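# Remarks on the overall topology
Residue-level listing of the chains:
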Amino acid sequence: MCWPAAKAGSVIRLPCPPLPGLIKENKAYKICGPNGLWETREKGVFTNDIGYTHYTECYSKEALETYMKYLGNKTLAEKEFIKDIITTSRTLEIVGLCISLITTIISLFIFWYFSTLKCHRTRIHKNLFVAMIVQISMRIILYVDQLVARETGGKIAGAASGDSNTIYDTPIFCEILYSLLEYTKTVKFMWMFVEGIYLHNMIAVSVFSGKPNYVIFYTIGWGFPVLLTVAWVIPMARINTIRCWFGYYMNPLIWIIEGPRAAVMAVSLGQRCTFLGCGEVVVVSGGVM
């Protein structure tokens with residue numbers, strides 16, 4: 001932000017920059033001391049020619065409460081230490097995702113290459129692995145892009161400055177990638193559910209032990225998530241005006257897709273419990289006989 005000259009002993013305000021996590025209708029401010037110098041980070045200390053910009057009024061109420069809870073009473077050194085921990089954690093997460101991506105690709109290759117492993121269950125696994133590969137790839141791309149955006153474009157109020165020419169600073173395309181990320185998340189859950197259906201039919205319902213109906217499986221695994229994602233994207237595009245949908249996971253609209261995911265996980269867990277119960281009954285019956 002470019003600040004104009006100010007009178008000694010005055011407060012000057014400018015609109016908040018239109019960046020993710022900031023309310024652009026609010027105003028940031030700087031304080032010019034009685035000696036004609038800007039106030040520093042330390043309140044009441046006017047010794048800086050550049051000055052410190054106060055962005056606290058730019059953040060939403062929830063964001064400011066979170067900031068005050070975790071960083072409000074911390075010294076500058078402590079804040080930098082926490083930032084280093086967060087950065088290191090994200091780096092470790094990216095490394096872990098890369099390892100997961102490699103191992104998942106290897107697993108998918110094994111299923112495709114060795115004909116002895118080809119069966120209905122591995123066919124279901126292949127679809128699950130494809131969804132996992134796309135999801136992990138999206139995460140790696142977006143996480144690395146965020147780091148690049150902060151390093152190349154600089155930071156304002158803790159957010160990327162908006163001129164890094166990265167995905168993070170590219171409207172529409174960034175939202176599309178996050179939509180694809182959430183879509184593949186749902187696909188992953190649905191193929192877990194499909195596997196549960198298949199195992200249930202094989203173990204508990206022998207009448208369905210023949211060839212699975214893959215039209216139904218593909219509809220559940222790949223088609224149903226499209227409907228959920230579209231149902232989430234439409235209101236997000238209309239309501240969430242923050243670029244790249246920053247912090248979208250804190251928006252109540254996320255339950256449009258998280259709700260069905262939770263329900264699917266609950267049903268899948270119930271299926272597994274049923275399998276374990278059937279297994280115990282078989283063992284007990286065998287022992288009695």
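Residues numbered from 1 in each chain as written. Predicted model: local features only at pLDDT ≥ 70, side-chain atom pairs only at ≥ 80, totals over all residues. Heavy atoms only, no water.

Along the backbone of the protein there are six helices and four strands. Each helix (α) and strand (β) of the protein, taken in turn from the N terminus, gives the series β-β-α-α-α-β-β-α-α-α. Counting the 289 residues in the protein, one finds 37% classified as buried. Partitioning the intrachain contacts of the protein with sequence separation of at least 6 by distance along the chain shows that 57% fall at a separation of at least 24. In the structure as shown, the protein presents an accessible area of about 17100 Å², 68% of it carried by carbon and sulfur atoms. (Helix = DSSP H or I, 4+ residues; strand = E, 2+ residues; numbered from the N terminus. Buried < 20%, exposed > 50% of the residue type's maximum accessible area, 1.4 Å probe, protein only. Contact = heavy atoms within 4.5 Å. Areas by Shrake-Rupley, 256 points an atom, 1.4 Å probe, with all protein chains shown as cover.)

Before going further, it helps to spend a moment on the state of the cysteines. Scanning the model with the defined rule gives two disulfides in all. In this model, cysteine 16 is linked to cysteine 58 through a disulfide, with the two sulfur atoms separated by 2.0 Å. An S-S torsion of about -85 degrees defines the bridge between cysteine 16 and cysteine 58 as left-handed. With cysteine 16 in the loop between strand 1 (10–15) and strand 2 (27–32) and cysteine 58 in the loop between strand 2 and helix 1 (61–70), the pair connects residues that are 42 residues apart, well separated along the chain. You'll find cysteine 16 and cysteine 58 in the same group, each marked buried. Two residues share a disulfide in this structure: cysteine 174 and cysteine 244, whose sulfurs sit 1.6 Å from each other. (Disulfide = S-S within 2.5 Å.)

A word on the confidence of the model for the protein. Low-confidence regions, as indicated by low pLDDT, have predicted coordinates that should not be scrutinised in detail. Residues at a pLDDT of 70 or more form 85% of the protein, whose mean pLDDT is 81. Mean pLDDT across the elements of the protein ranges from a minimum in strand 4 (residues 159–160), with 51, to a maximum in helix 5 (residues 214–239), with 93. Counted against residues more than four places away or in other chains, residues 278–289, with its pLDDT under 50, gives zero contacts. (pLDDT = per-residue confidence, 0-100.)

What follows covers the packing of aromatic side chains. One pass over the full model with this rule turns up 11 aromatic pairs. Both rings, one in tryptophan 191 and one in tryptophan 222, keep their centres 6.5 Å apart while their planes meet at 65 degrees; by these two values the pair is edge-to-face. In this pair, tryptophan 191 is assigned in helix 4 (residues 173–203) and tryptophan 222 in helix 5, connecting sequence segments 31 residues apart. Among the residues examined, tryptophan 191 registers a relative accessible area of 0% and is labelled buried. A ring pair is formed by tyrosine 214 and phenylalanine 217, whose centres lie 5.8 Å apart and whose planes are at 85 degrees; its orientation type is edge-to-face. With tyrosine 214 and phenylalanine 217 both in helix 5 and three residues apart, the pair spans about one turn of that helix. Members of the aromatic cluster, connected to one another through ring pairs, are Tyr178, Trp232, Trp245, Tyr248 and Tyr249. Over the ring of tyrosine 214 we find arginine 123, and its NZ or CZ is 3.6 Å from the ring centre. (Phe/Tyr/Trp six-rings, centres within 6.5 Å; stacked < 30°, edge-to-face > 60°. Lys NZ or Arg CZ within 6 Å of the ring centre and 35° of its normal.)

Okay, the nonpolar core next. The biggest cluster of nonpolar side chains holds 18 residues, and the ones touching the most others in it are Leu142, Tyr178, Leu181, Trp232, Met236 and Tyr248. Among the nonpolar cores identified, the runner-up in size contains 16 residues, and Ile124, Leu199, Tyr214 and Phe217 belong to it. (Core = buried A, V, L, I, M, F, W, Y, C linked by side-chain atoms within 4.5 Å.)

Here helix 4 contains 31 residues, and its C-alpha end-to-end distance of 45 Å stays within 8% of the 45 Å for a straight helix at 1.5 Å per residue. Across the 31 residues of helix 4, 23 count as buried, placing the element largely inside the fold. (Expected span 1.5 Å × (residues − 1).)

All right, on to the pattern of salt bridges then. Scanning the model with the defined rule gives seven salt bridges in all. For arginine 13, the salt bridge identified is with glutamate 57, shortest N-O distance 3.1 Å. Remark: glutamate 57 occurs in the loop between strand 2 and helix 1 and arginine 13 occurs in strand 1; sequence separation between them is 44 residues. In this structure, glutamate 258 engages arginine 261 in a salt bridge whose closest nitrogen and oxygen atoms are separated by 2.8 Å. Pair noted here: glutamate 258 and arginine 261 are both in helix 6 (residues 255–288), with a separation of three residues, about one helical turn. Judged on exposure class, the residue glutamate 258 and its partner arginine 261 are both buried. (Salt bridge = Lys/Arg side-chain N within 4 Å of Asp/Glu carboxyl O.)

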